[in-house]
Amino acid sequence: MNATSAIGSNVLESFSYLNQTAHSLIPDSVIFSPVVNYPYRLALSFVNAAKLQYEQALDVDILWFGVRCLKELTYYLLSSYATASFVTALILNRIVIMASLRSTANRVVLPLWSRVLLHLAAIIPLIYTLLQVLCQYGIVQKLEPLEFTTFLSSTFASYAWSNCVETFVASTTNTLPLEESDYSIFELSILFYCLKKSKQLDLPLQDYLPDCMMATLGRLLVHSVELFQCRKYRLFGSTILNFAGIGHFIYKVRWFGFNSLPVATRYINFPKMFSLFLIVMSVSTYSLAYLVRLDPFGRGGLDPQELQFYSFMRNWWEHLNCTGEEEFSCVVVKLATMLCMGRESMSKGVLREFSHINAPSSIHHSYVISGYLNNISTIPEDIEIRYRESIMTMHPGTSNAPGLVKRFKICIMLVKHFFAFFRKSRAPEIRQEPLAKDPNRYVTERNYAKFLSKPQFSQKETDLDNNQYLLPEDDLSGDYVPDQSEEVETDTEFGSDDEDLGTILAPESMDNLQEDLSWYISMWSILKSAVHSGTRLTRKQYAAIEPQKILTEVVLERTASHRTDDDDDDDDDDMDSTFACVVCKTNSRNVVLWPCRCFALCESCRVSLGLRGFNSCVCCRRDVHGYSKLHAI
Amino acid sequence: MSRAAKEYKTITKVLKEGDEVYSQLIVGMEPKEDLTRWEALIRGPSGTPYEGCNFRLHLSLPQEYPMSPPYVKFEPYAMPHANVDFRTGEICLDILTKQHWSPAWDLLHVVQAIGQLLDEPVSSSPLNVDIANILKANDMNAYYGLVHYYIKS
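It should be emphasised that the depicted structure is a prediction, and the values quoted were computed from it without experimental measurement.

So, how was this worked out
Residues numbered from 1 in each chain as written. Chains lettered and ligands numbered in written order. Predicted model: local features only at pLDDT ≥ 70, side-chain atom pairs only at ≥ 80, totals over all residues. Heavy atoms only, no water. Helix = DSSP H or I, 4+ residues; strand = E, 2+ residues; numbered from the N terminus. Buried < 20%, exposed > 50% of the residue type's maximum accessible area, 1.4 Å probe, protein only. Contact = heavy atoms within 4.5 Å. Pairing = 2+ DSSP bridges. Axes fitted to C-alpha atoms, helices over the stretch in contact; angles between N-to-C directions. Parallel < 35°, antiparallel > 145°, perpendicular 65-115°, else oblique. Left-handed = near helix turned anticlockwise from the far one by under 90°. UniProt positions renumbered as here; feature names shortened; annotations may be inferred. Core = buried A, V, L, I, M, F, W, Y, C linked by side-chain atoms within 4.5 Å. Salt bridge = Lys/Arg side-chain N within 4 Å of Asp/Glu carboxyl O. Expected span 1.5 Å × (residues − 1). Arc of directions from axis to C-beta.

This part covers the overall build of chain B. When you go through chain B residue by residue, the secondary structure sums to five helices and four strands. Mapped in sequence order, the helices and strands of chain B form the string α-α-β-β-β-β-α-α-α. Per-residue burial over chain B gives 44% buried out of 153 residues. Contacts in chain B between residues at least 24 apart in sequence constitute 52% of all its contacts with a sequence separation of at least 6.

If you want it as structure tokens, here you go:
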């Protein structure tokens, strides 16, 4: 018995929380007191034990990060600020719900006296808080500076009160309450909680004052805007306020480094700053692209309207769809989101012009490479050979034996080409002999203009002369590349030597408009460039410079010859059915597919088919490996 | 949709002038409401149980036509055929699937292909299993009888 009591007293000494005999709910003298007191003491010792364990756990220096966060969070949730913000949120919630019970059909205007009264009730504490903030800075000395914790709680109270008033007024008048997204009640409560803690740790408190000031000024702005019923100017005021805030922010970072900013401030301002950064980046990129497009110092810039974001940048304010009641940071975030999405401008921008090329919503992966998108500019026969070769290399078992043969073939081909080269270099001498009358040799520096002049028909002597050209069909000059659409108009008779350029350029009779037109198209540009550059423009160069003009010229000639055929009506119908693209039945065909050589598509249908991943010819179902453009006339 | 307009022109011309291929098959063909919905009336080909009876076809052109095939259906509960779902009128025809369709074809080609399908049912890919089984068993009497039973009733 003694031993056990000794152990008992030892235990009580080492675990002091077990000894709760001093505590009692009811005085011991009362009957049945143990019935109440013993359970109470038991519970008390249990709570104390848990508390001790908890404190010992927290006292460990290196606490696991998550646990520390949890601890901080628990402390915050139990703090008076959290409670206050919860209560405020509850009140706001009740106000809104009460208001929603009434009909919300139309706006109500409060009588002047109540409006003024309510807002003044909010404004006066806010002004007092503002003065206190300045006081804490030491700018205003007339006011007695409050003790810091009192100052914080009074600031919070005035802020919450202002929120309540604003929500009440807005919901009674059936409008949306103006809110601060940067400093919500909860953020402010966290901020102040941190401040209170740092006060205990003797950290510099001046850093937080700008935040307090921003929040207070923001609320003041809201109330004054409501008071004077000019909600639409809120954004304007908020922008000025925020720019001032950002200026201060930058000043701080510039002179005291990033670490001088308190953590809460960094977090609160991050969305705003990041959005601003995005906007600045996008706008500067866009303006750079705009500048490059416009090319103000060079000659002939491109049209900046083709920029994808052109219409968006032109109308960004309309796109934002602001009423002016929003807050600066809300607008900034919205704008940044719009700039990042791009879809907005895709659907509203210049790209909608190309809707006829409807990009498919999904492409089967096996279709990604379509022959319809493979432009081929070499000799089309290559395709078949190349295709066969690719098949041969795909079967390595059979390609071994032909390898030797192929090499041999290549050698023979090289030798052949070698001889062909020599034969070609000698060719002009050989070929000039039978064509001793080659008229090209008569053309000299002095008289070439005459050869270029247009034929001057008198009405009677036409057909025979028309078919005789001065320059022969087969051109032998070195720069000549056979061009199917090349036509040369020449004179059948030599003009007199005195003719100068002016008379050549001016067609003399307007009877033959067709001839004049084609003559103008081709000759005019040839002569013009001759005047400009001082050198004669060869036909090859001309074809390279203006392929479209040669085309129109040939088309003109064709239509002229068709007209002489005298069966216009049938011809048109036939043209329609035979030369229209088989897919759209509207445009004329101008795409040849390889290797099947089907000539059935127009350019836009080819693009459309290619984008949709068609791989076989629409007519003959052979695989398509490429296409070439062709002008059928 | 200019393509559909062109086809409308061609079809009216073909039907008016009487093309030797199509006039055998097509009784009438015209767009409903706009050019995306069409209705065609085709004649049962001679030498088949469908002879002497007309069938209504509903064609609707998708947005992407002619890049995608048109949707073609017979009138529901009207077409007993091995490759036609009797209840919905849905047709099982390879050129009407996206893989086998070619944009070079037009509505006349489609109707022609369906006419050919009436002539030669494909019992290996049935939508109407009963008729397909009868065809597989090569029981021509039952085939004619069943089809006539449906058509005439």
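That shown, we press on.
Moving on, we come to the pairing of strand β3 (residues 54–60) of chain B. Residue and element names in this part refer to chain B. Here seven bridges tie strand β2 (residues 37–43) to β3, and the two strands are oriented antiparallel to one another. Considered in β3, the bridge of R37 is made with S60. Here four bridges tie β3 to strand β4 (residues 71–74), and the two strands are oriented antiparallel to one another. From the neighbouring strand, L57 faces β4, where its bridge partner is F74.

All names here are of chain A. Two elements in contact, helix α6 (residues 148–172) and helix α8 (residues 209–227), have axes whose closest approach is 11 Å; the angle formed by their N-to-C orientations is 25°. By the angle class used here, α6 and α8 are roughly parallel. For α6 against α8, the interelement crossing comes out left-handed. Contact residues: F151, Y159, S162, N163, V165 and E166 in α6; L209, A215, R219, V222, H223 and E226 in α8.

Residues and elements named next belong to chain A. In the numbering used here, UniProt assigns the feature "transmembrane region" (unreviewed entry) to residues 73–96, 116–135 and 273–292. Across residues 73–96 one finds 96% helix and 0% strand; the C-alpha atoms that close the span lie 29 Å apart. In this annotation, residues 116–135 is assigned 100% helix and 0% strand; the end-to-end C-alpha distance for the span is 27 Å.

To continue, consider unusual backbone geometry. A cis amide bond links Y65 of chain B to the next residue, P66 of chain B, at an omega of 10°. Positive phi, close to 70°, is recorded for R621 of chain A, a residue that is not glycine. With respect to the helices and strands, the residue R621 of chain A is situated in the loop between α24 (603–611) and β3 (626–629). A positive phi angle, close to 60°, is found at Y77 of chain B, a residue other than glycine. Mapped onto the elements of the fold, Y77 of chain B is located in the loop between β4 and α3 (107–119). Judged by relative accessible area, Y77 of chain B falls into the exposed class, the value being 55%.

Okay, the nonpolar core next. One finds M29, I42, L57, L59, F74, I91 and I114 of chain B to be the most contacted residues of the largest nonpolar core, which totals 41 residues. The greatest single-element share of this core, amounting to eight residues, is contributed by α3 of chain B. Ranked by size, the runner-up nonpolar core spans 26 residues in total, among them F156, Y159, I185 and Y193 of chain A.

This next bit is on the sheet that holds β3 of chain A. Remark on secondary structure: sheet strands pair via backbone hydrogen bonds, oriented parallel or antiparallel. All names here are of chain A. Reading across from one edge, β2-β1-β3 is the order of the three strands in this open sheet, with antiparallel pairing throughout. Only two strands of the sheet have a single neighbouring strand rather than two, namely β2 (599–601) and β3. Sheet twist, expressed as the mean angle between neighbouring strand axes with direction ignored, is 45°. With four bridges connecting them, strand β1 (residues 591–594) and β3 associate as antiparallel partners. Bridge pairing links V591 to K629 in β3. Together, β1, β2 and β3 form the strand contacts of α24, whose direction differs from that of β2 by roughly 75°.

Let's shift gears to the pattern of salt bridges. Residues and elements named next belong to chain A. Applying the stated criterion to the full structure yields eight salt bridges over all chains. One salt bridge in this structure joins R231 and E325, with 3.0 Å as the shortest N-O distance. A residue pair is termed long-range when its members are at least 10 positions apart, and R231 in the loop between α8 and α9 (234–256) and E325 in the loop between α12 (316–320) and α13 (328–341) qualify at 94 residues. Given a relative accessible area of 9%, R231 falls into the buried group.

Residue and element names in this part refer to chain A. Given a rise of 1.5 Å per residue, 22 residues ought to cover 32 Å, and the 32 Å separating the end C-alpha atoms of helix α4 (residues 80–101) matches this to within 8%. Within α4 the residues assigned to the buried category are Y81, A82, S85, T88, L92, I95 and A99. Taken end-on, α4 shows its buried residues confined to a sector of 150°, consistent with a single buried face. Facing away from the buried surface of α4 by more than 90 degrees, the exposed residues are L90, M98 and L101.

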